[in-house]
Amino acid sequence: MTDKIALITGITGQDGAYLAELLLKKGYVVHGVKRRSSSLNTQRVDHLYVDPHEHATRFFMHYGDMTDATNLIRLMQETQPTEIYNLAAQSHVQVSFETPEYTANSDALGTLRLLEAIRILRMERKVRFYQASTSELYGNAPAPQNERTPFQPRSPYAAAKLYAYWITVNYREAYGMHASNGILFNHESPIRGETFVTRKISRAVAAIEVGQQETLFIGNINARRDWGHARDYVEGMWTILQQDKPDDYVLATGETHTVREFIERAFAVVGRAIRWWGEGVDEVGFDVKTGKELIKIDPGYFRPTEVDVLLGDPSKARNVLGWSHKVAFGDLVTEMVMEDLAAARAGKP
Ligand code: NDP
Ligand code: GDR
């Protein structure tokens, strides 16, 4: 039996699924925390599941919630992890404006609950802790952003994650825990949540292509993001926890692109050229060949406060961890569109 035991919160999310796959390949026993839901929510990890009655399995899922401290303490006691990856969060920036208190509870206090569980169980010296911190912490701080850039959170989500970032640093300093922050810039994939902008675009392109949808309604197309592939980033998370010393690292590609550019690239994958016409909320994107208006602005998707430009400087990760992204922006867009197109053609919703 391996002595590497990982506990992953947020196992059912995009990163949880990629990380679980990676750690299982590396021989870990993986315990994931999933939430009770009225409908199935384990699609991203179902392929990893092995019936414990039939085979020797190294993958286990447990019900839990970041808002339930006693549950987290019990899970930690039962699973005795050597590494904890805290990926669970209400992770949607726009939704955090609608549910600020819940976002603070799960994202900020949830992190505190996990760290306290470690202390209560006297596991400070036995376990390594990874906190899923985010480029949203930078808000509109001047680009490029690195580990020394001061944080300026611009949403309830970012403010909650700011608390989580600092409480992780504090527990490292106060109790000598091996606790690290990965400050990850946006990372996407074919299993990205459907309401994040990249996946919304790739799905819309596929649906328009097969005639299931006419228009993509979108918010701020001028926002810039540093987009990488989730598979590369979970490798970075693991590498951070393999270091002798805990520390905080930016993981990013070092390139930034607008939402507008993502849309153009995504339509180009299916052979459609997009041109833009008009201004502000009246701007539309149309198909050069057919003249059809395919993209329209819906101000309902604008945020009360926006983060305009994210561009990470991953020098520290490159120099100390030997980490750098592998999947280029264009390949990421192509992979996402092609997978959604295959699903749309197969009649999958
Ligand atoms: P997802 O939204 O895909 O996944 C979030 C996960 O957290 C899901 O498994 C979700 O469960 C779970 N979750 C949400 N609330 C709770 C709760 N109260 N208790 C227990 N579990 C909960 O996010 P990603 O995989 O994209 O991101 C992983 C982490 O990294 C998040 O913390 C996110 O904020 C952070 N991050 C993400 C970046 C990105 O670009 N993807 C960049 C930087 C940071 P369910 O499936 O039931 O909803
Ligand atoms: P973000 O990702 O807020 O960066 O947070 P998202 O894809 O939601 O937005 C990126 C940018 O696109 C603009 N945008 C739209 N966004 C959405 N969701 N839907 C739209 O229709 C739309 N139109 C334009 C947004 O305004 C924004 O500027 C993600 C999450 O994964 C966080 O959990 C993580 O911390 C950060 O990335 C890094």
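For the structure given in this document, a descriptive report is provided here. Because the structure is predicted, anything quoted here is derived from the model rather than measured.

Bringing the sheet that holds strand β5 (residues 128-134) into the picture now. Ordered by their spatial adjacency, seven strands build an open sheet running β3-β2-β1-β4-β5-β6-β11, and the pairing between neighbours is parallel. Pairing within the sheet leaves two strands with one partner each, and these edge strands are β3 (59-63) and β11 (248-251). Strand after strand, the sheet turns through a mean of 20 degrees between neighbouring axes, direction not considered. Examined bridge by bridge, strand β4 (residues 83-86) and β5 share four bridges and lie parallel to one another. Across the sheet, Tyr 85 pairs through a bridge with Tyr 130, a residue of β5.

To continue, consider the site of ligand 2. The environment of ligand 2 is made up of 20 residues, and the closest members are Ser 91, Thr 134, Val 197, Gly 219 and Ala 223. Those elements that provide at least two residues to the shell around ligand 2 are α3 (93-98) and α6 (197-209). When grouped by side-chain class, the residues that make up the shell around ligand 2 number seven nonpolar, eight polar and five charged. Counting only domains with at least three residues in the shell around ligand 2, you end up with domain 1 (5-190 + 227-255 + 308-326) and domain 2 (197-222 + 258-307 + 335-346).

A few words now on helix α4 (residues 100-120). For α4, which comprises 21 residues, the first-to-last C-alpha distance of 28 Å matches the rise-based estimate of 30 Å (1.5 Å per residue) to within 8%. In the structure, α4 departs most strongly from a straight axis at Leu 109, where the bend amounts to approximately 35 degrees. Among all positions in α4, only Thr 103, Ala 104, Ser 106, Asp 107, Ala 108, Gly 110, Thr 111, Arg 113, Leu 114, Leu 115, Ala 117 and Ile 118 are buried. Structurally, α4 contributes buried residues whose contacts are with α2 (69-79), β4, α3, β5 and α5 (156-175).

Turning our attention to the nonpolar core. Nonpolar side chains in soluble globular proteins tend to be buried together. Ranked by size, the top nonpolar core spans 65 residues in total, and within it Ile 8, Leu 19, Ala 20, Tyr 85, Phe 129 and Leu 251 carry the most contacts. It is α5 that provides the largest number of residues to this core, a total of nine residues. Dropping the residues within four chain positions of it, Ile 8 is found in contact with Gly 16, Leu 19, Ala 20, Val 30, Gly 32, Tyr 85 and Leu 87.

Below, the discussion takes up the site of ligand 1. Around ligand 1 lies a shell of 27 residues, among which Gly 10, Gly 13, Ala 88, Ala 89 and Ala 132 are the nearest. Of all the secondary structure elements, the ones that give two or more residues to the shell around ligand 1 are α1 (14-25) and β5. Per-element accounting of the shell around ligand 1 gives the leading share, three residues, to α1. Of the residues in the shell around ligand 1, the class split is eight nonpolar, 16 polar and three charged.

Within strand β6 (residues 178-184), six of the seven residues are buried, which leaves the element mostly enclosed by the surrounding structure. When β5 meets β6, the two strands line up parallel, connected through seven bridges. Looking at β6, one finds that Arg 128 is bridged to His 178. Regarding the hand of the β-α-β motif, the stretch spanning β5, α5 and β6 is right-handed. Looking at chain direction, β6 and β11 are connected through four bridges and run parallel. The residue of β11 that forms the bridge with Asn 181 is Asp 248.

An order of β8-β15-β14-β13 is seen for the four strands of this open sheet, with the pairing classed as mixed. The two strands at the open ends of the sheet, each matched to only one other strand, are β8 (216-218) and β13 (274-277). Each adjacent strand pair in this sheet contributes to an overall mean axis angle of 25 degrees, direction not counted. Pairing analysis gives three bridges linking β8 to strand β15 (residues 293-297), with the strands arranged parallel. Bridge assignment links Leu 216 to a residue of β15, and that residue is Ile 295.

Another point: the packing of α2 against α4. At a closest axis distance of 9 Å, the pairing of α2 and α4 adopts a crossing angle of 50 degrees. One way to sum up the angle between α2 and α4 is to call them oblique. Here α2 runs over α4; the crossing is right-handed. The segment α2 lies against α4, with Ala 69, Leu 72, Ile 73 and Met 76 engaging Arg 113, Leu 114, Ala 117 and Ile 120. Residues belonging to the contact of α2 with α4 are distributed by class as follows: seven nonpolar, no polar and one charged.

Relative to β15, strand β14 (residues 284-287) is paired through three bridges, and the arrangement is antiparallel. Residue pairing across strands places Val 284 opposite Lys 296, the latter belonging to β15. Where β14 folds back on β15, the antiparallel hairpin that results is connected by five residues, among which Gly 291 adopts a positive phi of roughly 75 degrees.

The rules behind each value
Residues numbered from 1 in each chain as written. Chains lettered and ligands numbered in written order. Predicted model: local features only at pLDDT ≥ 70, side-chain atom pairs only at ≥ 80, totals over all residues. Pairing = 2+ DSSP bridges. Helix = DSSP H or I, 4+ residues; strand = E, 2+ residues; numbered from the N terminus. Axes fitted to C-alpha atoms, helices over the stretch in contact; angles between N-to-C directions. Near = placed C-beta within 6 Å. Nonpolar A, V, L, I, M, F, W, Y, C, P; charged D, E, K, R; others polar. Domains from an automatic or database assignment. Expected span 1.5 Å × (residues − 1). Bend = angle between axes of the 7 residues up to and from the residue. Buried ≥ 20, exposed ≤ 12 C-beta atoms within 10 Å, placed from the backbone. Contact = placed C-beta atoms within 7 Å. Core = buried A, V, L, I, M, F, W, Y, C linked by C-beta atoms within 7 Å. Right-handed = clockwise from strand over helix to strand, strands pointing away. Parallel < 35°, antiparallel > 145°, perpendicular 65-115°, else oblique. Left-handed = near helix turned anticlockwise from the far one by under 90°.

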